[in-house]
Amino acid sequence: MTAGDDGVTAGGSALDAEVTSWTAPGTAPLVPEVTLLLADDIHRTWSRTDEEAPPFWAFAWAGGQALARHVLDRPELVAGRRVLDLAAGSGIVGIAAAKAGAAVVVASDSDARARVAAVRNAALNGVTLDVVGDLVGEEAEDVELDVDVVLAGDVFYEQPMARLMGEFLDGAVAAGVEVLVGDPGREYLPRRRVTELATYDVPETADLEGRAVTPTAVHRLT
């Protein structure tokens, strides 16, 4: 599934119609270079999805914004390299990597709407993402990955998710893959195993984080 796949972008699916009708093109305050389909109210959008999990794909979360900003400001981290955007949501991090010169960007998410949104958002930015399904859960796709860098924005927000992500990322580190994490101080971040690379004050986060500005760090997982 890519930004050039007519089966996803032609607008014929119900999910595609939902994604485009519930959102409008906009930009995240810390990453104005990237255009995203964004919703304006998390609670109203969540009620429309009729799902247990929030519509992460419809918003630019602090961890993803900080990681995308970091990659755009330091393109040498991804330029010419094969990159995985893990739990991609809107695809903001993967799109930033593509804009920074990554050779290939794979974007993975368990949410079908997120996959549609990532394809749509990539097209809005004139880049291509290879979009795949879940790589870490019980129904993870059997995808053979060959990447140099894993980018994970805000993946340690709850214990079950953190456990699955930790196992996957541990395997990546053991295989010699560089792992960068964007995190606004979530409870389950493995603090003893990360090295802070940079910090960012992400503005306009009151609706998502309960505070106007959210300090967010980018870490290297070791």
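Higher on the page you've got the structure.
Below or above, wherever it landed, is the structure these notes cover. (Residues numbered from 1 in each chain as written. Predicted model: local features only at pLDDT ≥ 70, side-chain atom pairs only at ≥ 80, totals over all residues. Heavy atoms only, no water.)

## So, the pairing of strand β2 (residues 31-38)
Moving on, step 1. When strand β1 (residues 24-28) meets β2, the two strands line up antiparallel, connected through five bridges. Each residue of the ladder has a partner; that of Gly26, found in β2, is Leu36. (Pairing = 2+ DSSP bridges. Helix = DSSP H or I, 4+ residues; strand = E, 2+ residues; numbered from the N terminus.)

## Thoughts on the pairing of strand β6 (residues 149-153)
Moving on, step 1. Extensive coverage of β6 is indicated by the burial of five of its five residues.
Moving on, step 2. Burial of β6 is two-sided: the residues Val149, Leu151 and Gly153 facing one way and the residues Val150 and Ala152 facing the other way are all buried.
Moving on, step 3. Inspection of the sheet shows strand β3 (residues 82-86) paired to β6 by four bridges, in the parallel sense. The residue of β6 that forms the bridge with Val83 is Val149.
Moving on, step 4. As judged from the five bridges shared by β6 and strand β7 (residues 178-183), these two strands associate in the parallel manner. By the bridge assignment, Val150 is partnered in β7 with Val179.
Moving on, step 5. The β-α-β motif built from β6, the intervening helix α7 (residues 159-174) and the parallel element β7 has right-handed crossover chirality. (Buried < 20%, exposed > 50% of the residue type's maximum accessible area, 1.4 Å probe, protein only. Right-handed = clockwise from strand over helix to strand, strands pointing away.)

## Side note on the packing of helix α2 (residues 14-21) against helix α6 (residues 112-124)
Moving on, step 1. The interhelical angle for the contact between α2 and α6, taken along N-to-C directions, is 65°, at an axis separation of 9 Å. Between α2 and α6, the angle is such that the two are roughly perpendicular. As for how α2 packs across α6, the hand of that crossing is right-handed. Of α6, the residues touching α2 (which contributes Leu15, Asp16, Glu18, Val19 and Thr20) are Ala112, Arg113, Val116, Ala117 and Arg120.
Moving on, step 2. Classifying every residue of the contact of α2 with α6 gives five nonpolar, one polar and four charged. (Axes fitted to C-alpha atoms, helices over the stretch in contact; angles between N-to-C directions. Parallel < 35°, antiparallel > 145°, perpendicular 65-115°, else oblique. Left-handed = near helix turned anticlockwise from the far one by under 90°. Contact = heavy atoms within 4.5 Å. Nonpolar A, V, L, I, M, F, W, Y, C, P; charged D, E, K, R; others polar.)

## Things to note about the nonpolar core
It is characteristic of soluble globular proteins that their nonpolar side chains tend to be buried jointly.
Moving on, step 1. In this structure, Val78, Val83, Ile92, Ala97, Leu129 and Leu151 are the most contacted members of the largest nonpolar core, which totals 40 residues.
Moving on, step 2. When neighbours within four sequence positions are excluded, Ile92 is seen to be in contact with Ala28, Val31, Val34, Leu36, Ala60, Gly64, Gln65 and Ala68.
Moving on, step 3. Membership of the second largest hydrophobic core comes to 22 residues, among which are Leu169, Val181, Leu189 and Leu221. (Core = buried A, V, L, I, M, F, W, Y, C linked by side-chain atoms within 4.5 Å.)

Geometry only, nothing functional implied.
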